[in-house]
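As a plain string of letters, each chain reads:
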Amino acid sequence: MATALRPPRLPAVPEQASSLHRLPKHRVAVTGRRSFAARAGSYPGNVGVPKQWYNLIADLPVKPPPMLHPGTHQPLNPSDLAPLFPDELIRQELTEERFIDIPDEVRDVYELWRPTPLIRAKRLEKLLGTPAKIYYKYEGTSPAGSHKGNTAVPQAWYNAAAGVKNVVTETGAGQWGSALSFASTLFGLNCEVWQVRASYDQKPYRRLMMETWGAKVHPSPSDVTEAGRRLLAADPSSPGSLGMAISEAVEVAATNADTKYCLGSVLNHVLLHQTVIGEECLEQLAAIGDTPDVVIGCTGGGSNFGGLAFPFMREKLAGRMNPQFKAVEPAACPTLTKGVYAYDYGDTAGLTPLMKMHTLGHDFVPDPIHAGLDHCNSCLH
């Protein structure tokens, strides 16, 4: 969410126009047809689908601490990640390049729903009685209904291009699992998903969406993996957590040569792919002559916040604007405000690399109502 604290500079419109959206409707040049953004009366400007992803690491004066091997506790080599990811995603994970070109095949799929609309929240402004202009970037236009498709599509494409046959992952509420299931069917991949048990039981229609796109879905913890069987032996009624589901998916990927693991948040290549959100938002605000004073995003594993905020951080580091950044976390899993900044595993069983993170402990299990949400239960980089 981008908030600009300055007087509105919107063009006059006839009195019969909508009181919610008072900008003239535009067309988006990418497809030559009226977009959702134009129909919604939002602010696309003359904005197309970005051609590059942005890597914030290139512009950070201090680089993030390296991931460590779970066995040796030494910095990871690219070969250490080979059992989990294809070569190009490993390169993107470790690169310090500023921009990465988006493959044409990925942009072709992005054009199904991108650019997404930037909408002026006038009724919210009125309710709050604020002089601020409040905008929100709406990512719900994707086939799976969230921003997760921004990384699911390239992850599926890179795996397919590398000859991978099967991808596995975890999901909480089902947003990430749905996005990867959608992307996998586009590129001929088999997809297997471990869904947090609480959500598997509470959200049958999200599970049905994944299965409609061809995915095989297991409740986690499950009896399919060694990690799952150990967890069930310790607590047969476990509601599960994303940390548990990650352990199961990683185990399957690491023990099957034709299978790779896909992650929906946390890692650098995931946040890289999500920067299409912020890049579009920059162009949309520029098209209406506005600059944000505050950029706000919710933070779980970090991909939603990073996707919006990182391009604005680039502009701030370059001295072209000076917004504040506000990360908002759930009180039920307060990693940023209550967690310890330390190396920890990203899963319950300790199969993933050690990452420097704000952590509540890799074995932390939140209440079931929160355990099913689509972000890592213990960590935020």
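Use the structure listed above.
Everything quoted here is computed from the prediction, not taken from an experiment.

### A few points about the sheet that holds strand 7 (residues 190–196)
Then step 1. Within the open sheet, the four strands sit side by side as 8-7-6-9. Their pairing is parallel. What marks the edges here is a single partner per strand, and that holds for strand 8 (216–220) and strand 9 (259–261). Neighbouring strand axes in the sheet, compared pairwise and without regard to direction, differ in orientation by 25° on average.
Then step 2. Relative to strand 8, strand 7 runs parallel, the two sharing five bridges.

### Focus on the pattern of salt bridges
Then step 1. Applying the stated criterion across every chain, the model contains 14 salt bridges.
Then step 2. One salt bridge connects Glu125 with Arg120, and the closest N-O pair in it is separated by 2.6 Å.
Then step 3. On the basis of relative accessible area, Arg120 is assigned to the buried category, the value being 5%.
Then step 4. The partner of Glu280 in a salt bridge is Lys137, and the shortest N-O contact between them spans 2.8 Å. With a gap of 143 residues between them, Glu280 in helix 12 (residues 276–287) and Lys137 in strand 5 (residues 133–137) connect regions that are remote in the sequence.
Then step 5. Judged by its relative accessible area of 1%, Glu280 falls in the buried class.
Then step 6. The exposure class of Lys137 is buried, given its relative accessible area of 13%.

### So, the packing of aromatic side chains
Then step 1. One pass over the full model with this rule turns up six aromatic pairs.
Then step 2. Pairing Trp157 with Tyr158 gives two aromatic rings, centres 5.2 Å apart and planes at 70°, and the pair type is edge-to-face.
Then step 3. Here the aromatic residues Tyr110, Trp113, Phe182 and Trp213 are joined through ring pairs into a cluster of three or more.
Then step 4. Over the ring of Tyr200 we find Arg207; its NZ or CZ atom is 4.2 Å from the centre of that ring.
Then step 5. Geometry around Tyr54 places Arg314 over its ring, the cationic atom sitting 4.6 Å from the centre.

### A look at helix 8 (residues 204–212)
Then step 1. The set of residues buried in helix 8 consists of Arg206, Arg207 and Met210. One side of helix 8 carries all its buried residues, which in axial view fall inside an arc of 100°. In this structure, helix 8 carries Tyr205 and Thr212 as exposed residues pointing more than 90 degrees from its buried face.
Then step 2. In the core, the buried residues of helix 8 are packed alongside strand 6 (166–171), helix 6 (175–186), strand 7, helix 7 (197–202) and strand 8.

### Observations concerning the nonpolar core
Then step 1. Grouped together as the largest cluster of nonpolar side chains are 71 residues, with contacts concentrated most on Trp53, Phe85, Tyr110, Val153, Tyr261 and Phe312.
Then step 2. Those residues in contact with Tyr261 that lie beyond four places of it in its chain are Leu84, Phe85, Val168, Thr169, Glu170, Ile246, Ala249, Val250 and Ala253.

### Considerations on unusual backbone geometry
Then step 1. Note the cis peptide between Arg114 and Pro115, where omega equals 0°.
Then step 2. The residue Pro115 is located in the loop between helix 3 (104–110) and strand 4 (118–120) in this model.
Then step 3. Ser220 connects to Pro221 through a cis peptide bond whose omega is 5°.
Then step 4. Note that Pro221 resides in the loop between strand 8 and helix 9 (226–234).
Then step 5. The phi dihedral of His73 falls on the positive side, at around 60°, and the residue is not glycine.
Then step 6. Positioned with a positive phi, Val266 is a non-glycine residue whose angle comes to about 75°.
Then step 7. With respect to the secondary-structure elements, Val266 resides in the loop between strand 9 and helix 11 (268–274).
Then step 8. Classification of Val266 as buried rests on a relative accessible area of 8%.

### So, a nonpolar patch on the surface
Then step 1. A contiguous nonpolar patch, built from Leu124, Leu127 and Leu128 and spanning about 320 Å² of accessible area, is present on the exposed surface.
Then step 2. Among the structural elements, Leu124 can be located in helix 4 (residues 122–128).

### Let's talk about the environment of Glu170
Then step 1. With respect to the element layout, Glu170 can be found in strand 6.
Then step 2. Among the polar contacts listed, one links the side chain of Glu170 to the side chain of Tyr261, at a separation of 2.6 Å.

### A word on helix 10 (residues 242–254)
Then step 1. Compared with an ideal rise of 1.5 Å per residue, which puts 13 residues at 18 Å, helix 10 spans 18 Å between its outermost C-alpha atoms and is within 8% of the ideal.
Then step 2. Burial runs high along helix 10: twelve of the 13 residues are buried.
Then step 3. Among the residues of helix 10, Leu242, Gly243, Met244, Ala245, Ile246, Ser247, Glu248, Ala249, Val250, Glu251, Val252 and Ala253 are the ones counted as buried.

### Quick look at the state of the cysteines
Covalently bonding the sulfur atom of one cysteine to the sulfur atom of another cysteine gives a disulfide.
Then step 1. Scanning all chains against the criterion turns up zero disulfides.
Then step 2. With no disulfide of its own, Cys262 lies closest to Cys191 among cysteine sulfurs, the gap being 7.4 Å.
Then step 3. The class for Cys262 is buried, based on a relative accessible area of 0%.

Definitions and cut-offs
- Residues numbered from 1 in each chain as written.
- Predicted model: local features only at pLDDT ≥ 70, side-chain atom pairs only at ≥ 80, totals over all residues.
- Heavy atoms only, no water.
- Pairing = 2+ DSSP bridges.
- Helix = DSSP H or I, 4+ residues; strand = E, 2+ residues; numbered from the N terminus.
- Axes fitted to C-alpha atoms, helices over the stretch in contact; angles between N-to-C directions.
- Salt bridge = Lys/Arg side-chain N within 4 Å of Asp/Glu carboxyl O.
- Buried < 20%, exposed > 50% of the residue type's maximum accessible area, 1.4 Å probe, protein only.
- Phe/Tyr/Trp six-rings, centres within 6.5 Å; stacked < 30°, edge-to-face > 60°.
- Lys NZ or Arg CZ within 6 Å of the ring centre and 35° of its normal.
- Arc of directions from axis to C-beta.
- Contact = heavy atoms within 4.5 Å.
- Core = buried A, V, L, I, M, F, W, Y, C linked by side-chain atoms within 4.5 Å.
- Patch = residues over 30% accessible without salt bridge, like charges linked within 9 Å, V, L, I, M, F, W, Y side chains within 5 Å.
- Areas by Shrake-Rupley, 256 points an atom, 1.4 Å probe, with all protein chains shown as cover.
- Polar contact = N/O pair within 3.5 Å; in protein donor to acceptor, adjacent residues only side chain to side chain.
- Expected span 1.5 Å × (residues − 1).
- Disulfide = S-S within 2.5 Å.

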